[in-house]
Amino acid sequence: MSVEPFIHLSGVTKVYRTGRKEHLAISDASFDVMPGELVSLVGPSGCGKSTLLKILAGLHPHDGGEVRIGSSTHPFDPARDIGMVFRAPLLLKWRRILDNVLLPAELLGLPMAAARERGRELLALVGLAGYEGKYPYELSGGMQQRAAIARALVHDPKLVLMDEPFGALDALTREKMNLELLRIWKESGKTIIFVTHGISEAVFLGTRVVVFTAGPARMADNFEIDLPHPRTLDMKTGEKFGAYTRRIYKLLGMD
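Right, let's walk through the structure included here. (Residues numbered from 1 in each chain as written. Predicted model: local features only at pLDDT ≥ 70, side-chain atom pairs only at ≥ 80, totals over all residues. Heavy atoms only, no water.)

## What about the nonpolar core?
Argument step 1. By size, the foremost hydrophobic cluster in this structure holds 48 residues, and its most contacted members are Leu 123, Ile 149, Met 162, Ile 192, Phe 194, Val 209 and Ile 248.
Argument step 2. For Leu 123, the contacting residues outside a window of four places in its chain are Ile 97, Leu 98, Val 101, Leu 128, Ala 129, Glu 132 and Ala 150.
Argument step 3. Core analysis: the next-biggest nonpolar cluster, separate from the first, contains 27 residues, Val 12, Ile 26, Ala 29 and Ile 69 among them. (Core = buried A, V, L, I, M, F, W, Y, C linked by side-chain atoms within 4.5 Å. Buried < 20%, exposed > 50% of the residue type's maximum accessible area, 1.4 Å probe, protein only. Contact = heavy atoms within 4.5 Å.)

Structure below.
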């Protein structure tokens with residue numbers, strides 16, 4: 001029996017209007033995401049990646065095409081079923097780390113005793129066991145982003161949307177966080193959409209890569225990444241990895 005896509009996009013368009021001016025943010029985005037996939041969206045600034053994430057999150061309407069998340073047997077509630085991680089951790093500086101992680105559970109009115117236990121488990125999952133009582137300023141940038149990932153998972157969402165979550169980190173920390181994200185993804189089993197400017201990062205993380213180009217904004221390609229798991233940094237020197245990155249460079253006019 002075939003598995004139904006968790007996310008289905010067909011001919012999705014988005015136009016921003018300012019007075020009489022129109023800006024085409026997304027042109028004909030069409031792809032499926034299967035349950036448990038980690039899909040990378042890659043492309044230059046202003047090509048519609050973050051806009052598409054906002055459409056999936058229910059924050060922006062789309063102007064054309066079809067967007068379907070979940071199914072009739074498993075209805076999807078954006079307010080309850082989405083976790084988000086942004087470029088900046090956006091932790092509340094006056095709250096301890098565990099209390100920051102628990103914020104979605106508080107907002108959704110979930111039973112707090114169970115949520116607190118889950119929050120501690122998630123902090124252990126992201127490598128922050130023992131830091132529950134610390135304040136954000138006591139953690140490094142990478143550690144703060146780990147806490148943000150735990151916060152995105154605490155209410156057990158069906159979908160995690162990540163908008164350049166490692167873009168502000170130094171290169172070495174970013175590599176380490178890539179490995180950590182893959183481990184967390186495997187252990188949590190979540191469906192993840194990951195937006196990035198990094199071509200190598202998109203290939204390394206994704207089970208699938210969706211490439212967007214700018215001027216005019218359009219989806220240029222959508223292909224699977226046939227690399228084994230667990231992924232290792234050594235794979236980046238392999239011929240297959242290089243072929244995937246060259247494919248994206250060519251689509252972006254960088255070959």
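## Comments concerning the pairing of strand 6 (residues 159–163)
Argument step 1. Strand 6 sits mainly inside the fold: 5 of its 5 residues count as buried.
Argument step 2. Of the two faces of strand 6, the one holding Leu 159, Leu 161 and Asp 163 and the one holding Val 160 and Met 162 are both buried throughout.
Argument step 3. One ladder, built from 4 bridges, connects strand 5 (residues 82–85) with strand 6; its direction is parallel. Bridge assignment links Gly 83 to a residue of strand 6, and that residue is Val 160. (Helix = DSSP H or I, 4+ residues; strand = E, 2+ residues; numbered from the N terminus. Pairing = 2+ DSSP bridges.)

## Points about helix 1 (residues 49–56)
Argument step 1. Across the 8 residues that make up helix 1, a large majority, 6, are buried.
Argument step 2. Those residues of helix 1 lying buried are Lys 49, Thr 51, Leu 52, Leu 53, Ile 55 and Leu 56.
Argument step 3. Following helix 1 by one or two positions, Gly 58 has its phi on the positive side, about 80 degrees.

## Regarding the sheet that holds strand 1 (residues 7–18)
Argument step 1. Within the open sheet, the 3 strands sit side by side as 2-1-4. Their pairing is antiparallel. Looking at strand neighbours, the two that pair on one side only are strand 2 (21–33) and strand 4 (64–69), the edges of this open sheet. Each strand axis lies, on average, 30 degrees off the axis of its neighbour in the sheet, ignoring direction.
Argument step 2. Sheet topology note: the strand 1/strand 2 ladder contains 9 bridges and is antiparallel. (Axes fitted to C-alpha atoms, helices over the stretch in contact; angles between N-to-C directions.)

## Considering the pattern of salt bridges
Argument step 1. Applying the stated criterion across every chain, the model contains 19 salt bridges.
Argument step 2. Asp 156 is paired through a salt bridge with Arg 118; the nearest N and O atoms lie 3.8 Å apart. Note that Asp 156 is positioned in the loop between helix 6 (141–153) and strand 6 and Arg 118 in helix 5 (residues 112–125), a separation of 38 residues in sequence.
Argument step 3. The class for Arg 118 is partly exposed, based on a relative accessible area of 25%.
Argument step 4. The residue Glu 175 makes a salt bridge to Lys 236 at a minimum N-O spacing of 2.8 Å. (Salt bridge = Lys/Arg side-chain N within 4 Å of Asp/Glu carboxyl O.)

## Quick notes on empty space enclosed by the protein
Any space left empty among the atoms is revealed by the rolling of a water-sized probe across them.
Argument step 1. This structure, assessed with the given rule, holds 1 cavity of 30 Å³ or more.
Argument step 2. Of the pockets and cavities examined, the largest cavity occupies roughly 60 Å³.
Argument step 3. Lining the largest cavity, in full, are Val 85, Ile 149, Leu 153, Val 160, Met 162, Leu 181, Ile 184, Trp 185, Ser 188, Lys 190 and Ile 192.
Argument step 4. Contributions of two or more residues to the lining of the largest cavity are made by helix 6, strand 6 and helix 7 (171–188).
Argument step 5. Among the elements that make up the lining of the largest cavity, the one with the highest residue count is helix 7 (4 residues).
Argument step 6. Looking at the lining of the largest cavity residue by residue, the classes come out as 9 nonpolar, 1 polar and 1 charged. (1 Å grid on protein atoms, 1.4 Å probe; cavity = no way out; pocket = protein on both sides within 12 Å on 5 of 7 lines; lining within 4 Å. Points joined across faces, edges and corners; volume = space filled by probe spheres on them. Nonpolar A, V, L, I, M, F, W, Y, C, P; charged D, E, K, R; others polar.)

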